[in-house]
Amino acid sequence: MKDNTTITKVMAYITRFNSRRTELLVYKHKNYPEAGIQVPAGTVEDDETIEEALYREIKEESGLIDFLSVNKLKTYVYRHEGKSQYHERHVFHLKAKGETSERWEYKVNSEGEDAGLIFSYYWVPIQAIHN
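What you see is a predicted model, and the numbers here were worked out from it, not measured in a lab.

Draft legend 1. Quick peek at the layout of surface pockets. Put simply, the largest pocket is a space of about 810 Å³. Along the walls of the largest pocket sit 31 residues, with Lys9, Ala41, Gly42, Glu113 and Asp114 positioned nearest its centre. Where the lining of the largest pocket is concerned, the elements lending two or more residues are strand S1 (6-18), strand S2 (21-29), strand S3 (37-38), strand S4 (41-43), helix H1 (50-62) and strand S6 (85-96). The residue inventory of the lining of the largest pocket, partitioned by class, reads 11 nonpolar, 9 polar and 11 charged.

Draft legend 2. Focus on the nonpolar core. Core analysis: the largest hydrophobic core is formed by 21 residues, its most contacted members being Ile14, Leu25, Leu54, Ile58, Leu64 and Leu94. Mapped by element, the contributors of at least two residues to this core are S1, S2, H1, S6 and strand S8 (118-125). Here this core takes 4 residues from H1, the largest share from any one element. With near-sequence residues (within four places) excluded, Ile58 lies in contact with Ala12, Ile14, Pro40, Gly63, Leu64, Phe67 and Leu94. Counting 7 residues, the second-largest nonpolar core is a separate cluster that includes Met11, Leu24, Val39 and Val124.

Rules used throughout
- Residues numbered from 1 in each chain as written.
- Predicted model: local features only at pLDDT ≥ 70, side-chain atom pairs only at ≥ 80, totals over all residues.
- Heavy atoms only, no water.
- 1 Å grid on protein atoms, 1.4 Å probe; cavity = no way out; pocket = protein on both sides within 12 Å on 5 of 7 lines; lining within 4 Å.
- Points joined across faces, edges and corners; volume = space filled by probe spheres on them.
- Helix = DSSP H or I, 4+ residues; strand = E, 2+ residues; numbered from the N terminus.
- Nonpolar A, V, L, I, M, F, W, Y, C, P; charged D, E, K, R; others polar.
- Core = buried A, V, L, I, M, F, W, Y, C linked by side-chain atoms within 4.5 Å.
- Buried < 20%, exposed > 50% of the residue type's maximum accessible area, 1.4 Å probe, protein only.
- Contact = heavy atoms within 4.5 Å.

This is the structure we're talking about:
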């Protein structure tokens, strides 16, 4: 029997302008390097709006809280084959405000599946990212 539950998710593409180029914030799981390169993302809780979940996930996973702009890019549904469920993904673009470090590690201090994980953040030039 398959569970066709729809889970609401948020994804954050955070950029900054640095040395005449636009860069994207990405991270690797220090605990699970096999997970690959990712951007901040997570599940919308029952008691919060999409926007509240976006800011909570970014703060929980990176520590960032201040942005110049926030724009919703799109919403789409993705079928997660491994879990036999659908993800309704809300994708946002945020521009980082002020100075940000080139690299940093951030330990997730919230409860839940990411609690205690350490994320290694860094910026990559947009031109270096594959579609």
